[in-house]
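# Survey of secondary and tertiary structure
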Amino acid sequence: MRPLLITHCGAGSDPSVQDAAEAAGARGLEVLVRGGRALDAVVESIVILEDDPRLNAGTGSRMRIDGRIQMDAALMNWDREAGAVAAIEEVKNPIRVAYDVLKTPHILFAGADAVAFARSNGHPRYDPSTPESRRNLMESLEQIRKGRLPRYARKWKGVPIHDTVGAVARDRRGRFATGSSTGGVAFMLPGRVGDSPIVGAGLYAGPRGAVSVTGIGEEIIKQVLSKFVYDRIADGLAPQRAADRGLALFPDDVPIGIIAVASRAWGEAANRDMAFFSSSARRTF
Ligand code: ASP
C-alpha cells in the first residue's frame, strides 16, 4: 500500500510556517518509504516541528502566565496503544517522552512525575523558551494589565492560539498512527491541560484511520472531537466529509483544525489559516 503522511502547524498558523509542515512531512515520509511504521513516522515528523522555534510545541512553546512552560503531547497507534504527557516541563521533545509512555502499561503521565519519568528514560533537562515565547508572555501580561481577557479567559473567545503541531500517517502495511504536541494557548494558568494529550479529544487512531486536531482545547474536549471524526470514518464516511462534519460542530469564533487519514483517502478542515502538508495532493486514491 502507498504510504501517506499529513502534518499541520495548528489552527491559526501563519502561511509563513508552511515550510515547517513540509520539512516534517518529508522526514516522516522518508521513514514510511523505507518501510517504517506509521507510529515512527509520526514521531519523527513531530520532532521536526517541536524543534522549530517558530512553532508552539517543544522549543518555542507558549508560556503560562507565571512564565513557566508546560507542554502536552500524545501518540496513538492503530492497535489503540497510546502514550501521552501533560504539563511536562524542561524536556526537548515531549513527543519522544510520549513514545516512552506508550511502551509502558500506562497512557498518560502528568506534571512533576512526567518530568521524573522523562529523566529516568534518559531525556535530559532542556529549556524550551525562546525570545518569542517571552515576548508572547509579555504581550499577554500587558493585555491583563489593560483589563482585557482573563476572567477566565472569557471562555477562550479571542484568545490567541496558533502553531500547535500534529501528524497522521498510514504505512505500507496499511497501519495508522497519530500524534500531537503543544505549548497550549495564551493566558493559561499553570497546570492547565488542553485536548492535545487526551485520547479521543486531541487525537484518535484505530484500524480504520487516524485523526489529529487543533484549536481551543476546552471546546475540543467537550465534543471529544477526534473520536467523533474517527467514528464517522469507521462508519464509512470519507475522511474529508468526516472532518467537515467535525468542524461543523463548532461556531466560527472557536478556532478548529482537523487532519484525518483512512485507507482510501485523507481530509483536512479548518476555520482559520492552517499550514499543513499532505504527501498526496489528491484527497482520494
Ligand atoms: N489545542 C491546543 C490546546 O488547547 C491549542 C492549539 O491547538 O493551538 O492546548
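Before reading further, recall that the structure is shown in the block above.
If you're wondering where the values come from, they're calculated on a predicted model, not measured in any experiment.

## A few points about the packing of helix α2 (residues 38–51) against helix α3 (residues 94–102)
- Two elements in contact, α2 and α3, have axes separated by 8 Å at closest approach and are oriented at 155°. As the angle between them shows, α2 and α3 are arranged roughly antiparallel. Within the contact between the two elements, α2 uses Leu39, Asp40, Val43, Glu44, Ile46, Val47 and Glu50 and α3 uses Pro94, Ile95, Arg96, Tyr99 and Leu102.
- Here the residues of the contact of α2 with α3 are counted per class, giving eight nonpolar, no polar and four charged.

## Let's talk about the pattern of salt bridges
- Applying the stated criterion across every chain, the model contains 17 salt bridges.
- Here Arg96 ties to Glu44 by a salt bridge, and the two come within 3.0 Å at their closest N and O atoms. Residue Arg96 is located in helix α3, and its partner Glu44 is located in helix α2; the two are separated by 52 residues in the primary sequence.
- Across the pair Arg125 and Glu90 runs a salt bridge, and its minimum N-O distance is 3.1 Å. Taken together, the residues span a long stretch of sequence, with Arg125 in the loop between α4 (111–120) and α5 (131–145) and Glu90 in the loop between β3 (82–88) and α3 at a distance of 35 residues.
- On the basis of relative accessibility, which here comes to 29%, the residue Glu90 falls in the partly exposed class.
- Counted as one network, the salt bridges with shared partners bring together Arg27, Glu30, Glu44 and Arg96.

## Considerations on α3
- Burial analysis of α3 places seven of its nine residues in the buried class, the great majority of the element.
- Within α3, burial applies to Pro94, Ile95, Val97, Ala98, Asp100, Val101 and Leu102.
- Where α3 is buried, its residues touch α2, β2 (71–77), β3, β4 (108–110), α4 and β6 (176–182).

## Some thoughts on the sheet that holds strand β7 (residues 203–206)
- One open sheet accounts for four strands, arranged β7-β8-β9-β10; its pairing is antiparallel. Each edge of the open sheet carries a strand with a single partner, namely β7 and β10 (266–270). Within the sheet, the average angular offset between the axes of one strand and its neighbour, ignoring direction, is 5°.
- Here strand β9 (residues 256–262) pairs with β10 via five bridges, running antiparallel. For Ile258, the partnering residue across the bridge sits in β10 and is Ala269.
- This element, helix α7 (residues 225–234), spans β7, β8 (209–215) and β9 of the sheet and lies at about 145° to β8.
- Helix α8 (residues 239–247) rests against β9 and β10 of the sheet, and its axis sits at about 20° to β10.

## Points about the site of the ligand
- Near the ligand the following residues occur: Ile161, Thr164, Thr182, Gly184, Val185, Arg192, Asp195, Ser196, Thr214, Gly215, Ile216 and Gly217.
- A distance of 2.8 Å separates an oxygen atom of the ligand from a polar side-chain atom of Arg192.
- Within the contact set of the ligand, a nitrogen atom lies 2.7 Å away from a backbone nitrogen or oxygen of Gly215.
- In isolation the ligand has 270 Å² of accessible area, and contact with the protein removes 100% of it.
- The site holding the ligand turns out to be the largest cavity.
- When the residues that make up the shell around the ligand are grouped by side-chain class, the tally is three nonpolar, seven polar and two charged.

## Some details on a nonpolar patch on the surface
- A cluster of nonpolar side chains, Ile107, Leu108 and Val199, forms an exposed patch at the surface whose accessible area comes to about 220 Å².
- With respect to the helices and strands, Leu108 occurs in strand β4.

## Considerations on the environment of Ala57
- By secondary structure assignment, the location of Ala57 is in the loop between α2 and β2.
- Among the residues examined, Ala57 registers a relative accessible area of 0% and is labelled buried.
- For the pair Ala57 and Ala177, spaced 120 residues apart in sequence, the C-alpha to C-alpha distance is 19 Å.
- With residues up to four places along the chain from it excluded, the contact list for Ala57 reads Leu49, Glu50, Asp163, Val165, Ser181, Thr182 and Gly183.

What counts and how
- Residues numbered from 1 in each chain as written.
- Predicted model: local features only at pLDDT ≥ 70, side-chain atom pairs only at ≥ 80, totals over all residues.
- Heavy atoms only, no water.
- Axes fitted to C-alpha atoms, helices over the stretch in contact; angles between N-to-C directions.
- Helix = DSSP H or I, 4+ residues; strand = E, 2+ residues; numbered from the N terminus.
- Parallel < 35°, antiparallel > 145°, perpendicular 65-115°, else oblique.
- Contact = heavy atoms within 4.5 Å.
- Nonpolar A, V, L, I, M, F, W, Y, C, P; charged D, E, K, R; others polar.
- Salt bridge = Lys/Arg side-chain N within 4 Å of Asp/Glu carboxyl O.
- Buried < 20%, exposed > 50% of the residue type's maximum accessible area, 1.4 Å probe, protein only.
- Pairing = 2+ DSSP bridges.
- Near = heavy atom within 4 Å.
- Polar contact = N/O pair within 3.5 Å; in protein donor to acceptor, adjacent residues only side chain to side chain.
- Areas by Shrake-Rupley, 256 points an atom, 1.4 Å probe, with all protein chains shown as cover.
- 1 Å grid on protein atoms, 1.4 Å probe; cavity = no way out; pocket = protein on both sides within 12 Å on 5 of 7 lines; lining within 4 Å.
- Sits in = over half its atoms within 2 Å of the grid points.
- Patch = residues over 30% accessible without salt bridge, like charges linked within 9 Å, V, L, I, M, F, W, Y side chains within 5 Å.

Note that every value here comes from positions in space, so none of it alone points to a role or purpose.
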